[in-house]
Amino acid sequence: DTEVTQTPKHLVMGMTNKKSLKCEQHMGHRAMYWYKQKAKKPPELMFVYSYEKLSINESVPSRFSPECPNSSLLNLHLHALQPEDSALYLCASSQDLRGSQPQHFGDGTRLSIL
Amino acid sequence: GENVEQHPSTLSVQEGDSAVIKCTYSDSASNYFPWYKQELGKGPQLIIDIRSNVGEKKDQRIAVTLNKTAKHFSLHITETQPEDSAVYFCAASSPANFGNEKLTFGTGTRLTIIP
């Protein structure tokens, strides 16, 4: 079982809906990540939080809005998404942002935009 | 930025035989190289990693080798079993400006173990 928990596992939403993806870890990690993964492709980094502060935004459209309420939780708020945003959204965490720290992934939320 | 190439894209191996997946990277400053296994419907699972001050690391049937001079690293799986069937991703981490360190993934290898 993964130590990074993501909810929901599946989400279907229309282009005008607002929804949120949630991620939780209890490993005491201080860096948390959102990735997007399309079928048969590697994960693509979207956002990185370090000590609850946004550290990296990989030029992600504003219809994706991350939030880190505390050191254990990471949210991704979704609004006015496009069909091409359908993908597996993965959360990961690591001890901190030093490059040699392992990242641990959750099982993702599979998002479908109608 | 860092670029990671991974080969082969697909690999079929008879059960019990060995499998080898190879990756090359472009940034000589990269110093951390994890390997992830992703099963259908799951997230990537870290299976082994190696740091640049080490040439080889082994964990039971899995081993990783690193050649810093040639900038390539490989995953070796011995005595393959059906449960080894999955997609495997290599990755490299560059110690760029603090706050901008991130993993660059290879394109993945779909490994199929034939019973």
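The structure under discussion appears in the preceding block.
So, a few notes on the structure that sits alongside this text. (Residues numbered from 1 in each chain as written. Chains lettered and ligands numbered in written order. Predicted model: local features only at pLDDT ≥ 70, side-chain atom pairs only at ≥ 80, totals over all residues. Heavy atoms only, no water.)

Observations regarding the interface of chain B and chain A
Let me state the cut-off plainly: Between two residues, a contact is recorded if the distance between any of their heavy atoms is within 4.5 Å. Note: buried area is the sum, over both parts, of the accessible area (probe 1.4 Å) each one loses when the two are combined. The term salt bridge refers to a pairing of a side-chain nitrogen on Lys or Arg with a carboxyl oxygen on Asp or Glu at a separation within 4 Å. In this description a helix means any DSSP run of H or I spanning at least four residues, a strand means any run of E spanning at least two, and both kinds are numbered starting from the N terminus. Only Asp, Glu, Lys and Arg are considered charged in this grouping, and only Ala, Val, Leu, Ile, Met, Phe, Trp, Tyr, Cys and Pro are considered nonpolar; every other residue, Gly among them, is considered polar.
Chain B puts 21 residues into the contact, and the matching count from chain A is 21 residues. Here chain B packs against chain A, burying approximately 1700 Å² in sum over the two surfaces, 56% of which is carbon and sulfur. On the chain B side of the interface with chain A, the three residues burying the most area are Glu101(B), Lys102(B) and Phe105(B), jointly 25% of the side's total. Between the two partners, chain B and chain A, sit 2 salt bridges. In this structure, Lys102(B) engages Glu58(A) in a salt bridge whose closest nitrogen and oxygen atoms are separated by 2.7 Å. Breaking the side of chain B that touches chain A down by element, the ones donating at least two residues are strand E4 (32–38), strand E5 (45–51), strand E9 (86–93) and strand E10 (103–105) of chain B. Here the residues of the side of chain B that touches chain A sort into 8 nonpolar, 8 polar and 5 charged.

Focus: the packing of aromatic side chains
Worth spelling out the cut-off: Only the six-membered ring of Trp is used, alongside the rings of Phe and Tyr, when aromatic pairs are assigned; centres must lie within 6.5 Å, and planes under 30 degrees apart are stacked while those over 60 apart are edge-to-face, with the rest tilted. Throughout, exposure labels follow a simple rule: accessible area from a 1.4 Å probe, protein chains only, divided by the maximum for the residue type, with under 20% read as buried, over 50% as exposed, and the rest as partly exposed.
With the rule as written, the count across this model stands at 12 aromatic pairs over all chains. Here the aromatic rings of Tyr35(A) and Phe105(A) are separated by 5.2 Å at their centres, their planes lie at 45°, and the arrangement is tilted. Linking Tyr35(A) in strand E4 (residues 31–37) with Phe105(A) in strand E10 (residues 104–105), this pair joins segments that are 70 residues apart in sequence. For the pair Tyr35(A) and Phe105(A), a shared accessibility class is recorded, and that class is buried. Here the aromatic residues Tyr33(A), Tyr35(A), Phe105(A), Tyr36(B), Phe89(B) and Phe105(B) are joined through ring pairs into a cluster of three or more.

Some remarks on the pattern of salt bridges
Residues and elements named next belong to chain A. With the rule as written, the count across this model stands at 6 salt bridges over all chains. For Glu 52, the salt bridge goes to Arg 30, with nearest N and O atoms at 2.8 Å. Of this pair, Glu 52 sits in the loop between strand E5 (44–50) and strand E6 (53–57) while Arg 30 sits in the loop between strand E3 (18–25) and E4, placing them 22 residues apart in sequence. The partly exposed category is assigned to Glu 52, whose relative accessible area is 31%.

Describing the state of the cysteines
In a disulfide, the sulfur atoms of two cysteines are covalently bonded to one another. Rules: Disulfides are defined as cysteine sulfur pairs within 2.5 Å.
Taken as a whole and assessed by the stated rule, the structure comprises 2 disulfides over all chains. There is a disulfide in this structure between Cys23(A) and Cys91(A), and the S-S distance comes to 1.9 Å. A torsion of -70° about the S-S bond marks the disulfide between Cys23(A) and Cys91(A) as left-handed. Here the residue Cys23(A) occupies a position in strand E3, and Cys91(A) occupies one in strand E9 (residues 87–94), the gap between them amounting to 68 residues. Here Cys23(B) engages in a disulfide with Cys90(B); their sulfurs sit 2.0 Å apart. Note on the Cys23(B) and Cys90(B) pair: the S-S dihedral is about -100°, so by sign convention the disulfide is left-handed. With Cys23(B) in strand E3 (residues 19–25) and Cys90(B) in strand E9, this residue pair connects regions lying 67 residues apart in the sequence. In this structure, Cys23(B) and Cys90(B) share a single accessibility class: buried. Looking at Cys68(A), it has no disulfide partner, and the nearest cysteine sulfur is the one in Cys91(A), 9.2 Å off.

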